[in-house]
Structures are given as structure tokens and as C-alpha cells.
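# Inside the fold
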Amino acid sequence: MFSLIWHYLYSSFLRSWVKWMLRKITGRCELQRICANTIQGAERTMKIEHSLESSRNEILKGSVTISEENVENRTDEIMKIKKISTQKDPKFKLSLQICLLQVTGFKKLFVDVENLRKQPFDSSKKQHEDMLIKLWELLMPHIPLESRITKQWGDIGFQGEDPKTDFRGMGMLGLHNLMFFGEHYPETARQTLSQSNHPKMGYSYAIVGINLTEMAYSMLKTGILKTHLYNVVSGAPRMHHFHEFYCYLVYEFNQFWFKEKPASIMEFNYYREQFHKRVKELLLDPNSVLILKAERQ
């Protein structure tokens, strides 16, 4: 209760006074102090984001929701409002622009990911069907697919004869993730698939892959993925950055699974949650960078 009261008093009354005092002492506004005292990356960008969101000025507050095209103009507006001179602080403009690109880019990335997740797999669309066949070819290059509807799909970890039913939860996002891993890390993907067929500790490669799509999506939705993306991308995060993080999850989960040696696939939910907790702990570090260290094509 005390902490809630203190937070309310600080955010409502004391914060503005403290900011005013620090500006008088340092000659710099809060945004300038953040950029000067933190290196480029998640720590700086998240502090800038919080500062803007907490501002009483509507232009500053709305800066976290502008489009990417308006970032440069908004940076100039903020500098005018805060009376920041380029001559006195030459590095500030670029530093703020990068932060705004990351913040607004993250929000747009979530919209793009969400739209892909909501798009169902449609067998009547040639593009969807072609992607599915391509996935098979990437993972099983030496074994031809006998037909579109076949039990062979079980060999790469789908549940039934028609994989389209397995994409219901994550839509086309699940297929795009699987495709990206198979296309850009073919050797690693095939090795992971081979290991997933272990006679005692095996799991369904495609089904688990789609499950990890949900994990990556949830981390993006809650914002915990900001630390990784803000450290990896010095600009607006794109869809391929999300796919790269997914590849990291698939590879690391496979390593984690076999290291833990579960008694059976019935323990999947437990170990999945343990893995989830580990990744979230890593992402709590403002310096976190979670990248798959494998040969990329």
C-alpha cells in the first residue's frame, strides 16, 4: 500500500519538481540526461519511452505512437519544445531519432505480427499451399511428398494428414516462422528435426515449433522482447528480426529439452514453462541479446 501511495505522489507531484531541479543544476532536460548518461540500446530507449509517456505535454506524450515517416519531424518538434540547441548538444538529435525509430517500429512490428497471426491458413490460396510444400522440401530434401494429404506430414511433426488444422492457433505466423528457420538455417533445422525424432525423448517438431511461435508472440505482446530488439536493431525492428528470435527459441528449446531429459512427451507443458521462465529472465537484463549462433543462408 505504501509503495502505491509513494508512486502516486511521485508521479503526480514530485517528478515534475525533481525534473525541474535537475534541469536547473545540469542545464539539460530529462531526455538529454538519458541520452548522455546511457549507451545506445534497450536501457536508453526504454527510459526515453517512459519519459515521453509520462510527459504532460501532449506532443511529447504522443511521440511514442507516431509513424516512422514522422520521426525526424517529431524530433525537431521535441527539440523546439525543450529548447535544445544542436550546437550545444550535437549528438542528441540522432540519439533521440534512433530511440523513436525503435519505439514506433516495435509498435508497428506487433501490428504486423498480429495481422499475420490472425490470417488463417487457406488451402484455396496458392501462396499458402506453396509455402507448405516448400517447408517439406526444406526439411526433407531427399524424400518426395507423395501427395498433399498424407500421413507423411507426421514425419516433420504435424498431427494429422493435413497440416492446415495445426495452424489454427497461430495462423500463418506459425508457418512463416517454420519456413524462416528452414530456409535461413537449413542445416540446423534438419538437425533439430532429426533430434526431435529421438525414440525416447522425441517430440513433434512442427507442433512444438508452432507452440514456440506462441511463446515468441506473447513476449512481443507483453513488451518483454523490447530489450532484445532494442539492443539488436539500431532503428525500427522488422518482421525478420522477430523471425530470427523465433529461430533462437527453437534451437535453444531443443538443447534445453535434451539436457533436461524428460521421461516422456507428457511432461512437455512443464518443461515448456521452465524454458519460458528462463528466456524471460534473460530478457529482464537490459543488455540481453538472444541470437542464434549458427550458419545462416
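Here, the structure is the one placed above.
As the structure is a prediction and not an experimental result, all values here were calculated from the model. Chains are numbered independently. Their residues run from 1 in the order of the written sequence. It should be noted that, the model being predicted, local features are given only for residues of pLDDT at least 70 and side-chain atom pairs only at 80 or more, the latter also being counted only at that level, while totals for whole chains, interfaces and linings use all residues. Calculation of side-chain values draws on the structure's entire complement of heavy atoms; hydrogens and water are dropped beforehand.

All right, on to the packing of helix α2 (residues 30-37) against helix α6 (residues 92-118) then. Angle between the axes and distance between the axes: these two values describe a pair of packed helices. Following both chains from N to C, one finds α2 and α6 inclined at 90 degrees, their axes separated by 10 Å at the closest point. Considered as vectors, α2 and α6 are oriented roughly perpendicular to each other. Residue-level inspection shows L31, Q32 and C35 of α2 in contact with α6, the latter providing F92, S95 and L96. Among the residues making up the contact of α2 with α6, the classes are represented as 4 nonpolar, 2 polar and no charged. Between the N-to-C directions of two axes lies an angle of 0 to 180 degrees, each axis being a line fitted to C-alpha atoms and, for a helix, fitted only over the stretch in contact. By the criteria applied, helices consist of DSSP H or I runs no shorter than four residues and strands consist of E runs no shorter than two, each listed in order from the N terminus. By definition in this entry, angles of less than 35 degrees are roughly parallel, angles greater than 145 are roughly antiparallel, angles of 65 to 115 are roughly perpendicular, and the rest are oblique. What makes two residues a contact is simply this: any of their non-hydrogen atoms within 4.5 Å. Polar here means any residue outside two lists: the nonpolar Ala, Val, Leu, Ile, Met, Phe, Trp, Tyr, Cys and Pro, and the charged Asp, Glu, Lys and Arg; Gly therefore counts as polar.

What follows is about the packing of aromatic side chains. Aromatic rings from Phe, Tyr and Trp, with only the six-membered ring used for Trp, were paired whenever their centres fell within 6.5 Å, and each pair was classed as stacked if the ring planes differed by under 30 degrees, edge-to-face if by over 60, and tilted otherwise. Going through the model one piece at a time under the given rule, you end up with 19 aromatic pairs. Geometrically, the ring pair formed by F253 and F268 is edge-to-face, given 5.8 Å between the ring centres and 70 degrees between the ring planes. One end of the pair, F253, is in helix α12 (residues 239-260); the other, F268, is in helix α13 (residues 268-283), with 15 residues separating them in the sequence. As far as the burial class goes, F253 and F268 line up, both buried. Only protein chains enter the area calculation, which uses a 1.4 Å probe; residues under 20% of their type maximum are buried, those over 50% are exposed, and those in between are partly exposed. Exposure remark for F253: the relative accessible area of 1% places this residue in the buried category. What links up through ring pairs into an aromatic cluster is the set Y203, F253, F256, W257, F258, F268, Y270, Y271 and F275. Any Lys NZ or Arg CZ found within 6 Å of a ring centre and within 35 degrees of that ring's normal is scored as a charge over the ring. Stacked on the ring of F106, the Lys or Arg K226 has its end atom at 5.5 Å from the ring centre.

Before going further, it helps to spend a moment on empty space enclosed by the protein. Think of a 1 Å grid over just the protein atoms. A cavity is a set of points where a 1.4 Å probe fits yet cannot get out, a pocket is an open set with protein on both sides within 12 Å along at least five of seven lines, and lining residues have an atom within 4 Å of a point. Grid points are joined across faces, edges and corners, and a volume is the space filled by probe spheres set on the points. Considering all chains together, one arrives at 2 cavities of 30 Å³ or more under this definition. Estimates place the volume of the second largest cavity at around 30 Å³. The wall of the second largest cavity is formed by T192, Y203, Y205, V208, G209, L212, V250 and F253. Of all elements in the fold, only α10 (205-222) and α12 reach the threshold of two or more residues within the lining of the second largest cavity. The element best represented in the lining of the second largest cavity is α10, accounting for 4 residues. Here the residues of the lining of the second largest cavity are counted per class, giving 6 nonpolar, 2 polar and no charged.

One non-glycine residue, K83, lies in the positive phi region at around 55 degrees. Along the chain, K83 falls in the loop between α5 (71-81) and α6. Phi is positive for K261, which is not a glycine, with a value near 55 degrees. The topology assignment puts K261 in the loop between α12 and α13.

The next subject is the nonpolar core. We define the nonpolar core as a collection of buried residues of types Ala, Val, Leu, Ile, Met, Phe, Trp, Tyr and Cys that are connected through side-chain atoms lying within 4.5 Å of one another. In this structure, F158, L175, L178, F181 and F245 are the most contacted members of the largest nonpolar core, which totals 80 residues. Looking at which element gives the most residues to this core, the answer is α12, with 11 residues. Leaving out residues up to four positions away in the same chain, L175 has contacts with F121, H128, M131, L132, L135 and F167.

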